[in-house]
Amino acid sequence: MNSSAIESAYALAKDRYTEFGVDVEQALRRLASVAVSLHCWQGDDVGGFEGPGGLSGGGILATGNYPGKARNVDELRRDVEKVLELLPGRHRLNLHAMYPDAGGAAVERDQIEPAHFQGWIDWAKDLEIGMDFNPTFFSHPKAADGFTLAHRDESIRKFWIDHGAACRRIGAEMGRQLGTPCVTNLWIPDGMKDSPIDRRGPRQRLRESLDAVFAESIDPAHNLDSVESKLFGIGSESYVVGSHEFYLAYAVANKKLLCLDSGHFHPTESIADKIPAVLSFLDEILLHVSRGIRWDSDHVVTATDDLRAIAEELVRGDYLGRVHIGLDFFDASINRIAAWTIGARAMIRQLLVALLEPTARLRQFEADGDYTSRLAVLEELKTLPFGAMWDYYCLKHDVPVGTAWMMETRQYEKDVLSRRS
Ligand code: RNT
Ligand code: ZN
C-alpha cells in the first residue's frame, strides 16, 4: 500500500469514528506515549547467558526448535533492535538477571552487581529506551528441587534473598542512569507437585524472605518492586507458595506492585476485571500479557477478546499512567523475531482500538440505564475501520505498514538468523 492510499483510508475512517464522537488525533497522541516492555527471553527460549546449562526447572517450558535463536548478548541485542524497528512508538526492554554482560566471567547470582549489566544500560541509553528487570529464581542448581525463597534450608534461602536484593540494586541503577524507573519483578517457582501437608510453613518463610529482599529502601524514582503470583506450574501442580491471594495481600500490606500475568489464573478467568479491583488499593501494577492455551502455555499474544478486554480496562479506567505493560510469552517454533513482533504489535494495536472507543458516550448510556444502546454501540464498534487507523499510525511512526514487517523479518532471517548454527 502506498502512503497516499493509507492517508485516504485514514481520512474516511476518521469520519466514521468522528460520527461516534471519538477524538481520533488525541487517541493517536495518547498511544504514542505508552511504552510496552519487551521481554528479552523470547529471543533465546528463556535460556540466559550465564554459561552452559540453560533452562531447567522452574516450570517454564519453551517448545519448538526453529533455527536462529540468540546465543549471546550481542545477538540478543541485535534481535531486539530489529523488533524495535518494527514497532510504532518508543518501548522498553525487560531483562532477566540470567542475561548478564559480564564479559564471559561466571558470576554467581548472589554476587551480581550493576557493573555486570552496564553493557545493557549503555545500550539502552543509546537507543533512548527504559529498562525493566527480573531476578532469576530458576535454571539454577539451587532451585533444582523446586524451592528458592521458601526453601527449608536457611542457606539456600539466604542465597536467593541475596540474589533478589542484588537485583533491586541493579534495577535501581538502570532506573537512575536511564531516567525512568525500572520495574523489578519477582517471580519464584516454589511449590509442590503433590498435595502438601504443610501449606503454612513455606508461606511464612516466603513472607520473611520477601521482607529481607525488600529491606533496603530504594528510591521509587529509580526502582519499583513487583511480585508475581501463579496458579500452578510444571512440578507445582498441587501447591504454589506464591499464590494470587498471598501476593495480593503482600503487595497491599507492603505497598508493592502486583504483577498480573494473564496466563496465571484459571482459564476462564480474565485479568481485565482484576485491574480496576486491585487498583482500588494499589498505586501501580505490572501486567505480564501472555496467551494461555488450555494452560499457562505462554503463546504469542494475538488480538483475542481477552487482550481487547485488558486494553479497554486500561483506557476506560484511565489507568495507563499506573499500569506498566510487559509482555510474557515465548515461542520457539516460529521465527522468534516475528513472534516478538506479532505479540508486541497486537498489544499496541489493541490499545489503539481501546483508545478509539467513544467511552464517554458509552458511560452515559450506562448511567442512564440505557443498556440497549450500550450493547448496540459496543457491537457496532467491532467493525469500525480500525485497520486504517493502525496503518496510518504505523506510517506516521515510520515503521512497516501491514504485513510489510514480515518482509523485513524474512530478510533478517536470511542475513542474520540463518547464519547462527
Ligand atoms: C513464569 C512467570 C515469569 C516468567 C519470566 C521468564 O510463569 O510468568 O514471569 O515467565 O520470569
Ligand atoms: Zn509472567
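Keep in mind the model is a prediction, meaning the values are calculated, not measured.

(A) Structural context of the site of ligand 1. Surrounding ligand 1, one finds Trp41, Ile60, His96, Phe138, Trp187, Glu228, Lys230, Asp261, His264, His288, Asp296 and Asp328. Lys230 is positioned such that a nitrogen or oxygen atom in its side chain is 2.6 Å from an oxygen atom of ligand 1. Here an oxygen atom of ligand 1 sits 3.1 Å away from a polar atom, N or O, in the side chain of His288. Starting from 310 Å² of accessible surface for ligand 1 in isolation, the protein chains cover 99%. Its residues assigned to classes, the shell around ligand 1 comprises four nonpolar, three polar and five charged.

(B) Spatial organisation of the coordination of the zinc ion (ligand 2). Only Glu228 (OE), Asp261 (OD), His288 (ND1) and Asp328 (OD) from the protein coordinate the zinc ion (ligand 2), and they sit 2.1 to 2.2 Å from it. Classification of the site at the zinc ion (ligand 2) as octahedral follows from its six donor atoms and the range of 71 to 168 degrees in their angles at the metal. Expressed as a motif, the donor residue spacing for the zinc ion (ligand 2) is E-x32-D-x26-H-x39-D. Separated by 33 residues along the polypeptide, Glu228 in strand E6 (residues 223-228) and Asp261 in strand E8 (residues 257-261) bring together distant segments of the chain. You'll find Glu228 and Asp261 in the same group, each marked buried.

(C) Layout of the pairing of strand E12 (residues 323-327). Here E12 lies mainly inside the structure; four of its five residues are buried. Judged from the two bridges that link them, strand E1 (residues 36-39) and E12 form a sheet pairing that is parallel. The partner of Val36 across the bridge, within E12, is Ile325. Inspection of the sheet shows strand E9 (residues 285-289) paired to E12 by five bridges, in the parallel sense. Pairing of His288 across the sheet is with Gly326, part of E12.

(D) Up close: unusual backbone geometry. Of note, the phi angle at Asp45 is positive, near 60 degrees, even though the residue is not glycine. Mapped onto the secondary structure, Asp45 falls in the loop between E1 and helix H3 (73-85). By relative accessible area, Asp45 is classed as buried at 12%.

(E) Highlighting helix H1 (residues 3-19). The terminal C-alpha atoms of H1 lie 25 Å apart, and with 17 residues this matches the ideal 24 Å at 1.5 Å per residue to within 8%. For H1, every residue scored as buried is listed here: Ile6, Tyr10, Ala13 and Tyr17. The arc enclosing the buried residues of H1, seen along the axis, measures out at 75 degrees, which places them on a common side. Opposite its buried face, H1 presents the exposed residues Leu12 and Glu19, each directed more than 90 degrees away. On its buried face, H1 is in contact with helix H2 (24-32) and helix H13 (386-396). The backbone nitrogen of Ser4 has a side-chain oxygen 3.2 Å away, supplied by the residue at the start of H1, namely Asn2. One or two steps after H1, the chain reaches Gly21, where phi turns positive at roughly 85 degrees.

(F) The arrangement of helix H11 (residues 359-367) in detail. All of the buried residues in H11 are Thr359, Leu362 and Phe365. For H11, the buried positions fall inside an angular range of 120 degrees around the axis, keeping them on one side. Exposed and facing more than 90 degrees away from the buried side of H11 are Ala360 and Ala367. Elements that come into contact with the buried residues of H11 comprise helix H9 (305-316) and helix H12 (371-381). Count one or two residues on from H11 and you reach Gly369, which has phi positive near 75 degrees.

(G) Representation of the packing of H2 against helix H10 (residues 336-355) in the model. Interhelical geometry of H2 versus H10 gives an angle of 145 degrees and a closest axis separation of 9 Å. Regarding H2 and H10, the two cross each other, and that crossing is right-handed. Contacts from Ala27, Leu28, Arg30 and Leu31 of H2 reach H10 at Ile348, Leu351, Leu352 and Leu355. Class assignment of the residues belonging to the contact of H2 with H10 gives a composition of seven nonpolar, no polar and one charged.

So, how was this worked out
- Numbering of residues starts from 1 in every chain and runs along the sequence as written.
- As a convention, the first chain written is A and the first ligand written is 1, with the rest following in written order.
- Thresholds applied to this predicted model are a pLDDT of at least 70 for local features of residues and 80 or more for the giving and counting of side-chain atom pairs; totals over whole chains, interfaces and linings are not thresholded and use all residues.
- Computation of side-chain values covers all heavy atoms of the structure but excludes hydrogens and water.
- A single heavy atom is enough: if one lies within 4 Å of a molecule or strand, its residue is considered near that molecule or strand.
- Pairing of N or O atoms within 3.5 Å defines a polar contact, subject to two protein rules: one partner must be a possible hydrogen donor and the other a possible acceptor, and residues neighboring in sequence count only if both atoms are side-chain atoms.
- Exposure was quantified through the Shrake-Rupley algorithm and a 1.4 Å probe, taking into account, for residues, occlusion by the shown protein chains and nothing else.
- In the scheme used here, Gly and all other residues not listed as nonpolar or charged are polar, with Ala, Val, Leu, Ile, Met, Phe, Trp, Tyr, Cys and Pro taken as nonpolar and Asp, Glu, Lys and Arg as charged.
- Distances up to 2.8 Å from the metal define which N, O and S atoms are donors, and 3.2 Å serves for Na, K and Ca; water is absent from the atom set, so sites may look incomplete.
- All geometry calls rest on donor angles, where a four-donor set with angles between 85 and 135 degrees is tetrahedral, four- and six-donor sets with opposite donors more than 155 degrees apart and all others between 65 and 115 are square planar and octahedral, and all else is irregular.
- Working definition: helices are DSSP H or I runs of at least four residues, strands are E runs of at least two. Numbering for both runs from the N terminus.
- Accessibility here uses a 1.4 Å probe with only protein chains present; expressed as a share of the type maximum, an area under 20% marks a residue as buried, one over 50% as exposed, and anything in between as partly exposed.
- Strand pairing is defined by DSSP finding a minimum of two bridges between the two strands.
- Multiplying one less than the number of residues by 1.5 Å gives the expected span of a helix.
- Throughout, the arc means the angular range of directions from the helix axis out to the C-beta atoms.
- In what follows, residue pairs with any heavy atoms lying within 4.5 Å of each other are defined as contacts.
- A fitted line through C-alpha atoms serves as each axis, taken over the contacting stretch for helices, and the angle formed by two N-to-C directions is quoted from 0 to 180°.
- The hand of a helix crossing depends on one turn: near helix anticlockwise from the far one by less than a right angle means left-handed, and clockwise means right-handed.

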